[in-house]
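Single-letter residue listing:
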2 protein chains.
Amino acid sequence: MTEAVTEAVTKVVPLSDDEVRLIDAYWRAANYLSVGQIYLLGNPLLREPLRRSDVKPRLLGHWGTSPGLNFCYAHLNRVIKARDLDMIYIMGPGHGGPAAVANAWLEGTYSEVYPDVSRDGPGMERLFRQFSFPGGIPSHVAPETPGSIHEGGELGYSLAHAYGAAFDNPDLVVACIVGDGEAETGPLAASWHSNKFLDPVRDGAVLPILHLNGYKIANPSVLARISEEELVQLLDGYGYRPVIVGGDEPASMHRKMAAALDQALSEIAGIQRAARDGGGTARPRWPMIVLRSPKGWTGPKAVDGLPVENTWRAHQVPLTGVRDDPEHLALLEEWLRSYRPDELFDEDGRPVPALTELAPEGERRMSANPHANGGLLLRPLKLPDFRDYAVPFGEPGTTTSEATRVLGAFLRDVVKGNPANFRIMGADETASNRLGDVFAATDRVFEGERLPTDGHQGPHGQVMEVLSEHMCQGWLEGYLLTGRHGLFNSYEAFVHIVDSMFNQHAKWLKVTRRLPWRRPIASLNYLLSSHVWRQDHNGFTHQDPGFLDVVMNKKPEIVRVYLPPDANTLLSVGDHCLRSRDYVNVIVAGKQPALDWLPMDAAIAHCTRGIGIWEWASSDGGADPDVVLACAGDIPTLETLAAVDLLRQFFPDLRVRVVNVVDLMRLEPDTEHPHGLPDREYDALFTTDKPVIFAFHGYPYLIHRLAYRRNGHGNLHVRGYKEEGTTTTPFDMVMLNDLDRFHLVMDVIDRVPSLGGRVAHIRQRMADQRLALRAYTREHGEDAPEVRDWTWPY
Amino acid sequence: MTEAVTEAVTKVVPLSDDEVRLIDAYWRAANYLSVGQIYLLGNPLLREPLRRSDVKPRLLGHWGTSPGLNFCYAHLNRVIKARDLDMIYIMGPGHGGPAAVANAWLEGTYSEVYPDVSRDGPGMERLFRQFSFPGGIPSHVAPETPGSIHEGGELGYSLAHAYGAAFDNPDLVVACIVGDGEAETGPLAASWHSNKFLDPVRDGAVLPILHLNGYKIANPSVLARISEEELVQLLDGYGYRPVIVGGDEPASMHRKMAAALDQALSEIAGIQRAARDGGGTARPRWPMIVLRSPKGWTGPKAVDGLPVENTWRAHQVPLTGVRDDPEHLALLEEWLRSYRPDELFDEDGRPVPALTELAPEGERRMSANPHANGGLLLRPLKLPDFRDYAVPFGEPGTTTSEATRVLGAFLRDVVKGNPANFRIMGADETASNRLGDVFAATDRVFEGERLPTDGHQGPHGQVMEVLSEHMCQGWLEGYLLTGRHGLFNSYEAFVHIVDSMFNQHAKWLKVTRRLPWRRPIASLNYLLSSHVWRQDHNGFTHQDPGFLDVVMNKKPEIVRVYLPPDANTLLSVGDHCLRSRDYVNVIVAGKQPALDWLPMDAAIAHCTRGIGIWEWASSDGGADPDVVLACAGDIPTLETLAAVDLLRQFFPDLRVRVVNVVDLMRLEPDTEHPHGLPDREYDALFTTDKPVIFAFHGYPYLIHRLAYRRNGHGNLHVRGYKEEGTTTTPFDMVMLNDLDRFHLVMDVIDRVPSLGGRVAHIRQRMADQRLALRAYTREHGEDAPEVRDWTWPY
């Protein structure tokens, strides 16, 4: 037996019998309220025999995990009071919604937030009725649940959220229940290593409680079915000191859990004290708890002759068809009465004083802790003036900058100005995405062994890098939800790894915006670089601009997509996004040297409009073009302007209009998105009857999807990424996808009838030119100077 | 020190000095060829001094991981020959493409597959030139690389692929290099637990080689910076027996690696013998190797005064700007010559006989193993006649079935008929998705402890369940890529978790279809159930039909999407998908009781067409409708037909046409997708001028994106999921999204001018009816019988 196991078995600090009784009563109350929510419409206090009509017609909810969640909650309440802890509670098994709601109601928070659900009999009846009920509340821990920053409907992110909440919150303890189902997911399996990124000096603590109740929906869980020795090795190997609490007899379990929590919290305090006194420099082994308790603990042992408690059958609703099965109805009543509600609630249905006294008060209640409603704590960023970082500018398209490197200088000073309020996350790509200037202001946090050959690793810092997009996203979500600010930079293709996490965060934001008591939080900002068009090193697997399509499916009031075409516009967009609230902002920007198009004043004006005619590049005299060349994204803008250059040479009389799009949502109708252009303004830009050749950064369908209702949509021809690519040169990439300047010229020729037949030879010349350039590339291994060195002609 | 560590240090089995020299020569050759690919255009054998013009103008590739990959390859070759092993090689660090290509060329496979790249001097020159070169081959291990089933561009999936390859291949050993960068990802961290799902009797073995070279792109790696004690605890805890090999002195490292491999392979043989002789029933602790070697091993120690070998600077191209920097050019030549190419290649540039003799022969070469070109081994499934599983049928829309349960019976017999050639993967949702009949034929594989209360767990089986969509997908990919068949069933919303894995697999398939030597493999089949419209238990987080949008961005020749409206159509589609090759098929189907619409003959005909008019539900007499009601998906079909029922009552003269879509790709133009309908056929179904009200399962934009080029697109009005939902009743869900029957009737009224003003009261009645139904639901907690029990009127 390892040290950790032995210790848990032998070192039981005694709770007094009174304390055991009190904490057990609290637990029984929370369990009673959990079962009540799943089953009851009326008769909440069982003052009368349970009738068929007291039971909901549809029984929807998850009992199995709830008693374990309640058990932990009650015990955490005890230590919060005993130690005056600032603690929040993350429920990995978020389907245990009844538990979260039950405890918030017991603590009084629920009635403060939702006064109609009062802390008395009538309120209890409403509490029960509304759960999983049409017009009521969801079955999971949800934005509607006070005290939660974690939904848990999609499993895997609890521990990353917990660590995100703890960063830069030195006085906070984040208790995090990890279900043994969730523990099988990839993101959770990786997140244990977050302890290599937690600074005991400047960050708070995370107390993981791995809850082994043995079963998922229909299967045993892996970690519950390996030997305890192997389990402890695993958790030791993850760098924790596990304390094991196991059993099913309540009184003894209360004593064990209390002892385990006292031990763990003492260890946390000791680690923090040592580190903050400047003593400890070695990475600490943080404590954690393994709670092994039966699934559906205290529920029906068996139903219809089949075992239920401690099996997978306890996962959802252990007793079904209660309205139509008198035996099940009787079992339900017996089950409910087993908690002895008459001892727990007074005549009016209020929790008896002994219960309310066990809970902490005010903001110490986990259900009312302001960290779990982070907008309450949000301080705006101190932002330098982004104009100060503008690139020197002569004429459009004659100088080059690396856009993300320019942004990096701005971010460096954002980092400087906001030392405990802003973090940058990245999957080992912050330098590769050319944001490296930030390392002049901060280190990458790393608590593992550091060597002299490393670059910018340190025990403190505001850049977080780990090769897991899931952890980056989860950390950042936890950081934002507790009222801070940040940015996630990623290779464009690999942000798809967190599609589903984005979905869930966008859903969370959508719901919170309809809850006035949830205060706005900082937006989740993505900076996507190393994008599809410039993956020279890595090729096809690194070429995927489809995250934008995923983003666009979420609620328009939540999502924003920006494609700044150059460095100055990126600065303007970046500043805007860092000031915004409750959005998901997606910025796509290049890192390679690229032409500067706009001086800062023009960049600001252009980004403010989000879309606009580039008159200096147009030749329509401000009205009545023959053709509109539209573009969104840095590479499409380059190819479009190079095409305009060619068109000017070949067709000096052709009236060309160039429209550049920074804010993709401007293309949507104003009825669909708050940024949408009214039809009249759209028509003024794109005309209603002229051909529009649109060069787009992503999959071309996206533009059609946004613009299909617009006048003149039939004239809209979009070029974009059509899933062709490999390791090759920049120009070969656009050529493979028919987005190159020569093909754009061919598109114009094909679609402007007034050019007529006289241009067939020019079209052929363009087609020949493309092939010649490909031949050059294949011979020389690089693009021809003709395309490589092209600049806007002045 | 733990047992494993001690053993590795003490138990070094001696290689003879000759063996060391030989294996080192092989390694040097592979390293030379790797460096050559990254740098050289000409002068491949360095028969002349290295000139500027011999060097590529753009240096693109990854050196850092390559020497480690080559080291393992050489040593595996030795044991393959010594033990006559059937082995494939999965390179987690897939960016080490030069290593894979180098070894395939050394073994002769490369020249067999690509005869122009012969195994001699001119071939070597081509080999070098083509690498990361326009018109050449990608920089990563790619489909183009013989011997590979794993690209590795996106990190995280190597180990899951390896296990997938090993399932049902009892004689195969899959060596799997896990990079320490990849090891930080969630999917990889979870995949170690695959050993709880590997049957030593019927499956092959996986030999993980965790390669700690210490650095990622710019950061140290986590696992290289924890103590060896902690690392061993972690790997022990994952259930392995790690053998550590560490150092940087080649001769000693060769001896250690040889000893470690001998030990590991002996252990594997011992485990398999014990299990297959019926002896061992306990879960074995499989061996694995930890290889700790310098990043960029044997490369430049320092460049420009900065350390390179064994630092992050060795990741990509250690010497840059070689054409313009004579010092770097000299360093490159020195580096290349350090491998002593003259000893390795004969006068004609062929590997000297000693080298070719070290490699195995024929199909024993890892680069030529048929398992790595699975189509070679593909045996068609033995499929029962799906018609035999048809639901009894009276009149359309009068009986109900649970579609996935019906499919489950068919799958049960597919399982029975294909015991070592078909697996079903699911994230603990196979029973929840109502495919439970399969458990009459097989168990869920689980090698952990099993208890009597479990349901259908066993040491062997064809159902794989773990709560990780990443592992399910990764296992299935590995299984398919090695020539077998399978199905991944998932809750619809959570398949987004593997968006990026899907993307990568679709990219792999796209490339393989252009490589004639890669033989077609079975399609990757997704069955998405517990879909957006019926997530009564779980609410908003479980409601997301957006995977279809992700799928549609991939190459049309690869992707197929099916929305069978009932049980019989699901059977027909399911059978079709299991017979197909080289596709990704996505099937969305309901699990709840739903009306049967088509008898089997009609279902087959309908699915074969993929789209069609339901004449029995239409009232346009086969021509000239006033309005088209189209639908795709089971719930939209239900609401559409219920709307038709209402329309018949209110407007008996209205000519309504019902079009049902099973195969979503039929909506695309035939120029865009092989399944696309020609415009004439599309027009014949949808008309060119009549209003079309389209009730769609997913986000409505998807239909517009598919159909925007069609005639009459301006008349197309789509209802679908608009990101509204919670835990509520089925009817409330469609109502929240305006997809309900009453709203469809209102849509018809709003869009059919001939109905004129006379219908305002009916429209109002519909609007009132919706509100009344919502009120009923909110009072009773279930849908009103009027909608719940509706059937098609006969």
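Not measured: the values here are computed from a predicted model. (Residues numbered from 1 in each chain as written. Chains lettered and ligands numbered in written order. Predicted model: local features only at pLDDT ≥ 70, side-chain atom pairs only at ≥ 80, totals over all residues. Heavy atoms only, no water.)

Asker: Could you clarify how one ought to interpret the packing of helix α20 (residues 634-650) of chain A against helix α24 (residues 741-751) of chain A in this entry?
Answerer: Helices that pack against each other are described as a pair by the angle of their axes relative to one another and the distance between those axes. All names here are of chain A. Where α20 contacts α24, the two axes come as close as 8 Å, and the packing angle between them is 60°. Comparing the axis directions of α20 and α24 gives the class oblique. Crossing angle aside, the handedness with which α20 passes α24 is right-handed. In contact with Leu638, Glu639, Thr640, Ala642, Ala643, Leu646 and Leu647 of α20, α24 contributes Arg741, Phe742, Leu744, Val745 and Val748. (Axes fitted to C-alpha atoms, helices over the stretch in contact; angles between N-to-C directions. Helix = DSSP H or I, 4+ residues; strand = E, 2+ residues; numbered from the N terminus. Parallel < 35°, antiparallel > 145°, perpendicular 65-115°, else oblique. Left-handed = near helix turned anticlockwise from the far one by under 90°. Contact = heavy atoms within 4.5 Å.)

Asker: Even after reading the chapter, I still don't get helix α16 (residues 499-512) of chain A, so can you show me in this structure?
Answerer: Given 3.6 residues per turn, any residue in an α-helix points the same way as the ones three and four places further on. Over its 14 residues, α16(A) runs 20 Å from end to end, which matches the ideal 20 Å to within 8%, given 1.5 Å per residue. With 14 of 14 residues buried, α16(A) is to be regarded as a mostly interior element. (Expected span 1.5 Å × (residues − 1). Buried < 20%, exposed > 50% of the residue type's maximum accessible area, 1.4 Å probe, protein only.)

Asker: Mind showing me how you'd approach the interface of chain B and chain A here?
Answerer: By convention, interface size is frequently given as the accessible area that disappears when the constituent parts associate. Each partner contributes to the interface: chain B provides 125 residues, whereas chain A provides 126 residues. Overall, the association of chain B and chain A removes approximately 10100 Å² of surface from exposure, summing both partners, and the carbon and sulfur fraction of that is 53%. The three residues of chain B that bury the most area against chain A are Arg225(B), His537(B) and Tyr701(B), which together make up 8% of that side's buried surface. Applying the counting rule to chain B against chain A returns 20 salt bridges. Across the pair Arg225(B) and Asp454(A) runs a salt bridge, and its minimum N-O distance is 2.7 Å. Across the contact surface, chain B and chain A share 76 residue pairs in polar contact (both at pLDDT 80 or more). Of all elements in the fold, only α8 (186-191), α9 (228-237), α15 (469-481), α16 (499-512), α17 (547-552), α22 (701-707) and α25 (760-780) of chain B reach the threshold of two or more residues within the side of chain B that touches chain A. (Buried area = accessible area lost by both parts, 1.4 Å probe. Salt bridge = Lys/Arg side-chain N within 4 Å of Asp/Glu carboxyl O. Polar contact = N/O pair within 3.5 Å; in protein donor to acceptor, adjacent residues only side chain to side chain.)

Asker: Sorry if this is basic, but what is going on with the pattern of salt bridges here?
Answerer: If charged atoms from side chains of opposite charge come close, those side chains can pair. Within the structure shown, the criterion is met by 116 salt bridges over all chains. Of the charged contacts, one joins Asp262(B) and Arg78(B) as a salt bridge, the two residues approaching to 3.1 Å between their closest N and O atoms. Note that Asp262(B) is positioned in helix α10 (residues 250-276) and Arg78(B) in helix α3 (residues 66-83), a separation of 184 residues in sequence. One salt-bridge network, held together by shared partners, links Arg719(A), Lys722(A), Asp738(A), Asp740(A), Asp747(A), Arg751(A) and Arg770(A).

Asker: Help me out: how do you make sense of α25(B) in this one?
Answerer: Residue and element names in this part refer to chain B. Compared with an ideal rise of 1.5 Å per residue, which puts 21 residues at 30 Å, α25 spans 30 Å between its outermost C-alpha atoms and is within 8% of the ideal. What α25 keeps buried is the set Ile762, Met766, Ala767, Arg770, Leu773 and Thr777. Taken end-on, α25 shows its buried residues confined to a sector of 150°, consistent with a single buried face. Facing away from the buried side of α25 by over 90 degrees, the exposed positions are Ala760, His761, Leu771 and Glu779. (Arc of directions from axis to C-beta.)

Asker: Explanation requested: the pairing of strand β14 (residues 524-529) of chain B in the structure shown.
Answerer: Consecutive residues of a regular strand have side chains that alternate between opposite faces of the sheet. Residue and element names in this part refer to chain B. With 6 of its 6 residues buried, β14 lies for the most part within the structure. Here strand β13 (residues 485-491) runs beside β14; their pairing, made up of 5 bridges, is parallel. The partner of asparagine 489 across the bridge, within β14, is leucine 527. As for the winding sense of the linkage, the β-α-β connection from β13 through α16 to β14 is right-handed. (Pairing = 2+ DSSP bridges. Right-handed = clockwise from strand over helix to strand, strands pointing away.)

Asker: What am I meant to see in the packing of α15(B) against α16(B) here?
Answerer: All names here are of chain B. Packing of α15 against α16 brings their axes to within 11 Å, and their N-to-C directions diverge by 15°. Between α15 and α16, the crossing angle belongs to the class labelled roughly parallel. For the pair α15 and α16, the sense of crossing is right-handed. Only Met501, Phe502, His505 and Trp508 of α16 make contact with α15, whose side of the interface consists of His470, Gln473, Gly474, Glu477 and Leu481. Residues belonging to the contact of α15 with α16 are distributed by class as follows: 4 nonpolar, 4 polar and 1 charged. (Nonpolar A, V, L, I, M, F, W, Y, C, P; charged D, E, K, R; others polar.)

Asker: What am I meant to see in the side chain of Gln592(A) here?
Answerer: All names here are of chain A. Relative to the elements of secondary structure, glutamine 592 occurs in the loop between β16 (584-588) and β17 (593-595). Given a relative accessible area of 17%, glutamine 592 falls into the buried group. A polar contact of 3.4 Å, which involves the side chain of glutamine 592, links it to the side chain of arginine 434. The contact partners of glutamine 592, leaving out residues within four places of it in the chain, are Ser401, Glu402, Arg434 and Arg534.

Asker: What exactly am I supposed to notice about the side chain of Arg484(B) here?
Answerer: When you line up the elements, Arg484(B) lands in the loop between α15 and β13. Among the polar contacts made by the side chain of Arg484(B), one reaches the main-chain carbonyl oxygen of Phe167(B) at a distance of 2.7 Å.

Asker: Sorry, what's going on with the relation of the copies chain B and chain A here?
Answerer: Related by rotation about an axis and a shift along that axis, the two copies of the chain form a pair. Note on the copies: chain B fits chain A at an RMSD of 0.0 Å, the axial shift is 0.0 Å, and the rotation between them is 180°. Taken together, the rotation and translation describe the operation of a two-fold axis. Distance from the rotation axis, computed per C-alpha, reaches its smallest value in chain B at Gly186(B): 1.9 Å. An overlap of 100% is found between the interface residues of chain B and their copies at the interface of chain A, pointing to a shared contact surface. (Least-squares fit on C-alpha atoms with pLDDT ≥ 70 in both.)

Asker: Even after reading the chapter, I still don't get the domain arrangement of chain A, so can you show me in this structure?
Answerer: In terms of domain boundaries, chain A breaks down into domain 1 (3-361), domain 2 (386-594) and domain 3 (611-788). The straight-line distance from the C-alpha centre of domain 1 of chain A to that of domain 3 of chain A is 57 Å. (Domains from an automatic or database assignment.)

Asker: Is there a simple way to explain the sheet that holds strand β4 (residues 240-246) of chain A in this structure?
Answerer: Whether parallel or antiparallel, the strands of a sheet pair through hydrogen bonds between backbone atoms. Residue and element names in this part refer to chain A. Taken in spatial order, the 5 strands make up an open sheet running β1-β2-β3-β5-β4, and their pairing is parallel. Of all the strands in the sheet, the pair left with one neighbour each is β1 (86-91) and β4. Neighbouring strand axes in the sheet, compared pairwise and without regard to direction, differ in orientation by 20° on average. Pairing of strand β3 (residues 205-212) with strand β5 (residues 286-292), which is carried by 4 bridges, proceeds in the parallel orientation. Residue pairing for β5: leucine 210 is matched across the bridge by valine 290.

Asker: It is not clear to me how the packing of aromatic side chains should be interpreted in this structure. Could you clarify?
Answerer: The description of an aromatic ring pair uses the distance of the two centres, along with the angle that the planes make with each other. Counted under the stated rule, the structure contains 67 aromatic pairs over all chains. Residues Tyr110(B) and Tyr114(B) carry aromatic rings whose centres are separated by 4.9 Å and whose planes lie at 40° to one another, so their mutual orientation is tilted. Lying over the aromatic face of Phe540(A), Lys507(B) brings its terminal NZ or CZ to 3.9 Å of the ring centre. (Phe/Tyr/Trp six-rings, centres within 6.5 Å; stacked < 30°, edge-to-face > 60°. Lys NZ or Arg CZ within 6 Å of the ring centre and 35° of its normal.)

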